[in-house]
Amino acid sequence: MERGAMDVNAENNGGGGGGGDGGKEAEKAAVEGRGDARENCGEEQDEERTKPDSAPLCKFRAPDGGWGWMVALGTFIVNTLYFSLPFCFGIMFSGFLVGNGASSTTIAWIYNLFLVVWNMSMILANPLCQEFGTRAVGFASVLMASIAITLSGFAPSIYFLYFSFSILAGLSTGLSVGIAFSVLPPYFDKKSGKANTFLVAGAPVTQMIFAPFLRYLLDEYSLQGATLIHGAILLNGLVAMSFFHPIKWHLKPCLSQEAPQTQQQGTLLGDKAFPQADSVAPGSTLRGVNRSVQRLRGSFSSSAWSVASGGSAEVSTGLAFLLDEAEEAPPSGVRLRGKKVSMMWRTLVRWRCVILAVTVALTQTTLLNFIMMLPFVAKAAHYSLQDAARCIALMGITNLVTRLVVSPLADCSMFSIRLSVMLGYVLRASGIAVAVVLSREVWQLMAAGVVYGLGLGFSLSMFNLSIVHYMGLDNLRPTIGILGLAGAVGFPTLGPLIGLIRDLTSNYAVSLCVMVGLDLVSAAVWLLMPAAQARDARRLRREACVISHVI
């Protein structure tokens, strides 16, 4: 026993030959075992601490109903009220402008400056809503629109409309419409097509209802009385804006069946692209930035899933990204603005966004200029202005019916958003061509209005859905801002160019043929969307590989 004790002491003291080496190894293993136990305990504690942080990514989803239907109703009210400003400008102020000797160039600049400010202010909607809240910005835009239209009715001169209508009304309209188009998609996933019906139905309802109503107000109460009543009606937008609750108030728990889908999206770029939480070494500095890694993984995988599959990313992933972004807003205003500019730039350089921006700039210009020029085209073709008004009204009815039918079809798996948009652009070009070439009788002019209304319904009903489908929910607001910028560039360049062509040729037919060509070019550009998706997918994979190497 004494010898055994001596041997043990010798081993513990590191003495003598192979036995001493074995004792060192045993002691080292024991220490490592104790260290592993402590590290495993630390890992369990870290996992417990990180569970609340990762909860939005895996445990919440869009309500897909409920309060979302109130939000959809609010977007319908907003679009119905505030699209009355651009659609009814001629009805409201034509008598005032002509009576004060305004030239056609002055009238065109007042209206086109309104369109430019409208589209430019859509860029401001996203950062303002993140800084002050969606409803606060919405309430301010409603009050601004009511004040703007009231001041326009009491304008002391023509040039005052540059301030009251072009700037104030344009700014308030852009903010209101920008909020309406960005607030609805996060509330819906499987029922997004049905909800989108409320959003897109507002503009054609305005075209059918507000035009005759405002004409009646002018006949009964003059311009000042009509603008006062119109401004009071616009204040109903306060009720609509109050429906726009933050999405986190109405999130629902994810169903158990949805977990495999999220995991499938996470493996699109490969499991090695971003390290999982369990694979991070306890002593590594990555443990402190684990949440940022998870957010990067979710955003890149969801974006790549969107471009690779031709559909939008899972709504739960986008919602988690938005929630994390709201919770982790940097304290510095400079850093926050830099982050927003960086996000908008990353969105702009994607080919999918370039296609959306180019086609919006072309088709929005042709739409508003065609509606503006149609009465003059009808008069040149020896039709009455009443015939032109009936054509526009019939266009609005057809547009509304088509939107109500087509938008819910987007929920079907076999429905193609790209084909719907392309068909809409072709029908719009066909309607303009019929109005130019084939309209020898009144019924042919009405047929042109019907065909053009069908084209508007097929294309414009997919506007918001196409952004979510191709760009993803997390890029919705930056994309809307970029499309507004594209429209702001298109209106002051292409619009006056179309008018200049008419002045040089003294023929409306040539200008309308240019519009036909622009719509057909837009349809052709959409043929490139699959190639743009593939290119963006390759770029996202390269970015993911770079980030994985840096990490």
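It should be emphasised that the depicted structure is a prediction, and the values quoted were computed from it without experimental measurement. (Residues numbered from 1 in each chain as written. Predicted model: local features only at pLDDT ≥ 70, side-chain atom pairs only at ≥ 80, totals over all residues. Heavy atoms only, no water.)

## Some details on the confidence of the model for the chain
Phase 1: In this model, the chain carries an average pLDDT of 73, and 71% of its residues clear a pLDDT of 70 or more.
Phase 2: A low-confidence stretch, residues 1-58 stays under pLDDT 50, and its non-local contacts, those more than four residues away or across chains, total 19 contacts.
Phase 3: Confidence drops under a pLDDT of 50 for residues 257-338, and excluding neighbours within four residues, the segment shows 132 contacts in the predicted structure. (pLDDT = per-residue confidence, 0-100. Contact = heavy atoms within 4.5 Å.)

## Let's talk about empty space enclosed by the protein
A probe matching the size of a water molecule, rolled over the atoms, marks out where space remains unfilled.
Phase 1: Counted by the stated rule, this structure contains 6 cavities of 30 Å³ or more.
Phase 2: Space inside the largest cavity adds up to approximately 470 Å³.
Phase 3: Together, 28 residues line the largest cavity, and Phe83, Trp118, Phe181, Gln364 and Leu460 are the ones closest to its centre.
Phase 4: Taken together, the elements giving at least two residues each to the lining of the largest cavity come down to α6 (104-132), α8 (160-183), α9 (192-234), α15 (351-380), α16 (385-409), α18 (442-460) and α20 (476-505).
Phase 5: The residue makeup of the lining of the largest cavity, split by class, is 21 nonpolar, 6 polar and 1 charged. (1 Å grid on protein atoms, 1.4 Å probe; cavity = no way out; pocket = protein on both sides within 12 Å on 5 of 7 lines; lining within 4 Å. Points joined across faces, edges and corners; volume = space filled by probe spheres on them. Helix = DSSP H or I, 4+ residues; strand = E, 2+ residues; numbered from the N terminus. Nonpolar A, V, L, I, M, F, W, Y, C, P; charged D, E, K, R; others polar.)

## Some points on the side chain of Ser466
Phase 1: Topologically, Ser466 is positioned in helix α19 (residues 463-471).
Phase 2: Of note is the side chain of Ser466, whose polar atom sits 2.7 Å from the backbone oxygen of Phe463.
Phase 3: Once you skip the residues sitting within four places of it in the chain, Ser466 turns out to touch Leu356, Ile417, Met471 and Trp526. (Polar contact = N/O pair within 3.5 Å; in protein donor to acceptor, adjacent residues only side chain to side chain.)

## Regarding the layout of surface pockets
Phase 1: Roughly 1800 Å³ of volume is contained in the largest pocket.
Phase 2: Together, 47 residues line the largest pocket, and Ile371, Met372, Met373, Pro375 and Phe376 are the ones closest to its centre.
Phase 3: When residues of the lining of the largest pocket are traced back to their parent elements, those giving at least two are α4 (84-87), α5 (89-99), α6, α9, α15, α16 and α20.
Phase 4: Looking at the lining of the largest pocket, its residues break down into 31 nonpolar, 12 polar and 4 charged.

## Some words on a nonpolar patch on the surface
Phase 1: A cluster of nonpolar side chains, contributed by Ile397, Val401, Leu404, Val405 and Leu409, occupies part of the molecular surface with about 410 Å² of accessible area.
Phase 2: You can see Val401 is positioned in helix α16.
Phase 3: Overall, the relative accessible area of 46% leaves Val401 in the partly exposed class. (Patch = residues over 30% accessible without salt bridge, like charges linked within 9 Å, V, L, I, M, F, W, Y side chains within 5 Å. Areas by Shrake-Rupley, 256 points an atom, 1.4 Å probe, with all protein chains shown as cover. Salt bridge = Lys/Arg side-chain N within 4 Å of Asp/Glu carboxyl O. Buried < 20%, exposed > 50% of the residue type's maximum accessible area, 1.4 Å probe, protein only.)

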